[in-house]
Every structure is written in structure tokens, then in C-alpha cells.
Amino acid sequence: MVEAFVGTWKMTSSENFDEYMKAIGVGFATRQMGNMAKPNLLFSIDDGVISMKSQSTFKTTEAKFKLNEEFDEMTADDRKTKVGKQTWDGKTTTLERELQDGKLIAKCVMDDVVALRTYEKEV
Ligand code: DKA
């Protein structure tokens, strides 16, 4: 039920994200910004098109897509990627977002490095 994602989500925890950013090749200065950023994730649906916007003081990015279709995403570190799997420069990372116990969990995987970022819905 993609409707359950609709709304605004605030990041409440982030585990192993610096290691993940290192694994995908993000440089030191951008990692500092990425580590400090506490993004809000905004999901909306319009006529079957899902909009996912990540807003932070560091960077705001937006991707629009339909379920089960590959889509382009420009990431906060300026990689132009294709999602579900993000592919660029011959590398691949996966970024899954799912709901668990009312929280949105973003699981970022690069080889054997996994970062988990937890978001809670604004009421
Ligand atoms: C999330 O939605 C995961 C975001 C992953 C961004 C990877 C690149 C960050 C570069 C600062 O929480």
C-alpha cells in the first residue's frame, strides 16, 4: 500500500551512514554535510505518479516515478542514478525504503556495507 508512505517523515536515526557514503565514493567534505543533515522525506501521489522529495539544509532532491518502474534520481552528492538499484560509473548500490512498525526505514547497501536510516511520520 504505497498510500501509507504519503506524508512528511523526519529522520530520527542514522546508522553507519558515513561508512556507506565512503563505500559509494563520497568525498570527505560532502560526507560532513551528509552526516550533519537531518532530512525530511515528503511522499505524495498524483495520478499514479509518486513524488519522493528529500529536503535538508544541505540539499533538496526530488524523484518522480511509478511503482515497479525504473526511474532516474539525482542524489544529494550529484550522482545521476537509476533506481531501484542506483547505477553510475559502473557501480551499483541499492536503496530500499519500507515501513516497519509505523516507521520508514531506508536501507542503503553497497557491497557488504549497510546503512539504516529511520524516519518517523509528522503528525
Ligand atoms: C535516505 O533517504 C538515504 C539517502 C542516501 C543518500 C546517499 C548520498 C548522500 C550524499 C550526501 O535517507
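Since this is a predicted model, take the numbers as computed values, not measurements.

1. Concerning the pairing of strand S3 (residues 49-55)
The two faces of the sheet receive side chains in turn, since in a regular strand these alternate between them.
Inference 1: As defined by bridge partners, strand S2 (residues 40-46) adjoins S3 across seven bridges and the pair is classed as antiparallel. Looking across to S3, one finds that Phe43 is bridged to Met52.
Inference 2: Where S2 folds back on S3, the antiparallel hairpin that results is connected by two residues, among which Asp47 adopts a positive phi of roughly 55°.
Inference 3: The pairing of S3 with strand S4 (residues 60-65) spans six bridges and is classified as antiparallel. Among the inter-strand pairings, Met52 is bridged to a residue of S4, identified as Ala63.
Inference 4: In this antiparallel pair of consecutive strands, S3 and S4, the connection spans four residues.

2. Brief notes about unusual backbone geometry
Inference 1: Positive phi values are uncommon outside glycine, yet Asp47 reaches one of about 55°.
Inference 2: For Asp47, a relative accessible area of 73% puts it in the exposed group.
Inference 3: At Asp111, a residue that is not glycine, the phi angle is positive and equals roughly 50°.
Inference 4: Along the polypeptide, Asp111 turns up in the loop between strand S9 (103-110) and strand S10 (113-121).
Inference 5: Take Asp111: its relative accessible area is 65%, and that puts it in the exposed class.

3. Overview of the side chain of Arg79
Inference 1: Within the secondary structure, Arg79 is located in the loop between strand S5 (71-74) and strand S6 (80-83).
Inference 2: Side-chain polar atoms of Arg79 contact the side chain of Asp77, separated by 2.8 Å.
Inference 3: Those residues within four positions of Arg79 in sequence are excluded, and the remaining contacts are Ile24, Glu73, Met74, Gln86, Trp88 and Thr93.

4. So, helix H1 (residues 17-24)
Inference 1: Within the span of H1, buried status applies to Phe17, Tyr20, Met21 and Ile24. Seen end-on, H1 carries its buried residues on one side only, within an arc spanning 100°.
Inference 2: Along its buried surface, H1 packs onto strand S1 (7-15), helix H2 (28-36), strand S7 (85-88), strand S8 (91-100), S9 and S10.

The rules we used
Residues numbered from 1 in each chain as written. Predicted model: local features only at pLDDT ≥ 70, side-chain atom pairs only at ≥ 80, totals over all residues. Heavy atoms only, no water. Pairing = 2+ DSSP bridges. Helix = DSSP H or I, 4+ residues; strand = E, 2+ residues; numbered from the N terminus. Buried < 20%, exposed > 50% of the residue type's maximum accessible area, 1.4 Å probe, protein only. Polar contact = N/O pair within 3.5 Å; in protein donor to acceptor, adjacent residues only side chain to side chain. Contact = heavy atoms within 4.5 Å. Arc of directions from axis to C-beta.

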